[in-house]
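As a plain string of letters, each chain reads:
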Amino acid sequence: MFLYVLLFPSLATSLLTTTTTTPCRSFCGTIPINYPFGIDDGCGAIQLRHTLNCTSPDLFFLTPSGSYKVQHIDYLKSTLTIYDPSMSTCSILQPHHDFLMTDIQTAVIPPSSDTVFALLNCSVDSPVLNHYRSLCFNVSSHSCDELYASCNAFRVFRLLTNSTPPCCFTGYDTVRYMSMNILDCSHYTTVVDADGMRGVSPLDWVYGIKLSYGLPDRGCDRCSASGGTCGFDTETEGMLCLCSGSSNGTRQCGAGSFTAGGVRRGCSMLTLFIGFTLSIGGGFMLLRPAGGPGVSSFIGSL
């Protein structure tokens, strides 16, 4: 049975002017932006919505505690490395603050197991030196004394106390559940690649935070193979294959991919109809669907 859709002139004109999609940007500066990431709303995985911000040429990872410059994304290893500009390092000492992530970020893109948080200048009453001593671990035989002796920025802690203040090498979960005030440590720094720290001076450590992401396979290879980009509907948050034309699909671009839930921002519902009507010269033409005999009738002018 043929389907007929009758549209008023003003509605037809309105729909025709909103059928273009906004493409997902594939680069921010020199950093490629591929699934599951996106810097335009509706692009990438819904779980990482509003996680990245591109202030060209720099890409930033956004968390409740601030904006962290993205240094590198490794899509083969599923990692993203960020740097905290307010963090203390071997060469600079800055006021301490907490590193916070949302629950969703913690679930899908937490700091990797080889990212070490070094808590510095801790008091003797610090929880990690007493009841929670097991949260501190050895990192390639490096010691607090080595940190304070090698780094100009950290040497001040030993000068102030005329001793070697306690420190603690730990993982992200420690600072996630206990703030710096509760930990009773004045500063922290983070180091990437714990395995590569053996025999390497703190002066040559790679400071930063490596995040490891993992998301379920939602068939994005199929979408990419059809010329699309994996994304989501900004209203329903359902998955979409974002295509370069005037329509999106649930899984891939091309014939048979249209979906009622597949309308991203500027996409028109006009693409969802098999048959449609256009206004010409104040009259209406009623068209049959594609493959039909064409114009079936002409309804007189208004």
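Residues numbered from 1 in each chain as written. Predicted model: local features only at pLDDT ≥ 70, side-chain atom pairs only at ≥ 80, totals over all residues. Heavy atoms only, no water.

1. A word on the overall build of the chain
At step 1: The number of helices and strands found in the chain is seven helices and 16 strands.
At step 2: Taken over 302 residues, the chain has a buried fraction of 43%.
At step 3: Taking all contacts inside the chain whose residues are at least 6 apart in sequence as the whole, residues at least 24 apart take part in 60%.
At step 4: Accessible surface for the chain amounts to roughly 15,400 Å². Of this, 56% is attributable to carbon and sulfur atoms. (Helix = DSSP H or I, 4+ residues; strand = E, 2+ residues; numbered from the N terminus. Buried < 20%, exposed > 50% of the residue type's maximum accessible area, 1.4 Å probe, protein only. Contact = heavy atoms within 4.5 Å. Areas by Shrake-Rupley, 256 points an atom, 1.4 Å probe, with all protein chains shown as cover.)

2. Thoughts on the state of the cysteines
At step 1: All told, the structure shown has nine disulfides when counted by the stated rule.
At step 2: The side chain of C220 participates in a disulfide bridge whose partner is C230; the two sulfur atoms lie 2.1 Å from each other. Because the sign of the S-S torsion sets the handedness, a value of about -90° for the bond joining C220 and C230 places this disulfide among the left-handed ones. Separated by 10 residues along the polypeptide, C220 in helix α7 (residues 220-225) and C230 in strand β12 (residues 229-232) bring together distant segments of the chain. (Disulfide = S-S within 2.5 Å.)

3. Points about unusual backbone geometry
At step 1: Across the junction of Y35 and P36, the peptide omega takes the value 15°, indicating a cis bond.
At step 2: The omega torsion across S56 and P57 is 10°, close enough to zero to call that bond cis.
At step 3: By secondary structure assignment, the location of P57 is in the loop between β3 (52-55) and β4 (58-63).
At step 4: Its identity as a non-glycine residue notwithstanding, H50 has a phi of 60°, on the positive side.
At step 5: Turning to its location among the elements, H50 is positioned in the loop between β2 (31-32) and β3.
At step 6: A relative accessible area of 59% places H50 in the exposed class.
At step 7: Despite not being glycine, N121 shows a phi value in the positive range, around 55°.
At step 8: Its location among the elements puts N121 in strand β7 (residues 115-122).

4. As for the pairing of β3
At step 1: A one-sided burial pattern is seen for β3, the buried positions being L52 and C54 and the unburied ones N53 and T55.
At step 2: Of the strand pairs in this sheet, β3 and β4 are connected by four bridges, and their pairing is antiparallel. Within β4, the residue paired with T55 across the bridge is D58.
At step 3: Hairpin connection, β3 to β4: the antiparallel pair is bridged by two residues. (Pairing = 2+ DSSP bridges.)

5. Topic: the pattern of salt bridges
At step 1: What the rule picks out here adds up to six salt bridges.
At step 2: When the shortest N-O distance is used, the salt bridge between D58 and K69 registers 3.5 Å. Residue D58 is located in strand β4, and its partner K69 is located in strand β5 (residues 66-74); the two are separated by 11 residues in the primary sequence.
At step 3: For D58, a relative accessible area of 25% translates into the label partly exposed.
At step 4: For K69, a relative accessible area of 38% puts it in the partly exposed group.
At step 5: Taken together, the shared-partner salt bridges connect D41, R49 and E237 into one network. (Salt bridge = Lys/Arg side-chain N within 4 Å of Asp/Glu carboxyl O.)

6. Topic: the sheet that holds strand β10 (residues 206-207)
At step 1: Strand order in the open sheet formed by four strands is β8-β7-β9-β10, and the pairing between neighbours is antiparallel. Looking at the sheet topology across the chains shown, the edges are occupied by β8 (168-170) and β10.
At step 2: As judged from the seven bridges shared by β7 and strand β9 (residues 185-192), these two strands associate in the antiparallel manner. By the bridge assignment, A118 is partnered in β9 with T189.

7. Concerning the side chain of Q105
At step 1: Among the structural elements, Q105 can be located in helix α2 (residues 103-108).
At step 2: A relative accessible area of 5% means that Q105 is categorised as buried.
At step 3: There is a polar contact of 2.7 Å between the side chain of Q105 and the backbone oxygen of L62.
At step 4: When near neighbours in sequence (up to four residues on either side) are disregarded, Q105 contacts T51, F61, L62, T63, P64 and P110. (Polar contact = N/O pair within 3.5 Å; in protein donor to acceptor, adjacent residues only side chain to side chain.)

8. Here's the deal with the pairing of β4
At step 1: The alternating pattern of β4 places L59, F61 and T63 on a buried face and D58, F60 and L62 on a face that is not buried.
At step 2: Two strands pair when backbone bridges link them, and β4 and β5 are joined in this way by four bridges, in the antiparallel orientation. Across the sheet, residue T63 finds its bridge partner in β5, namely G66.

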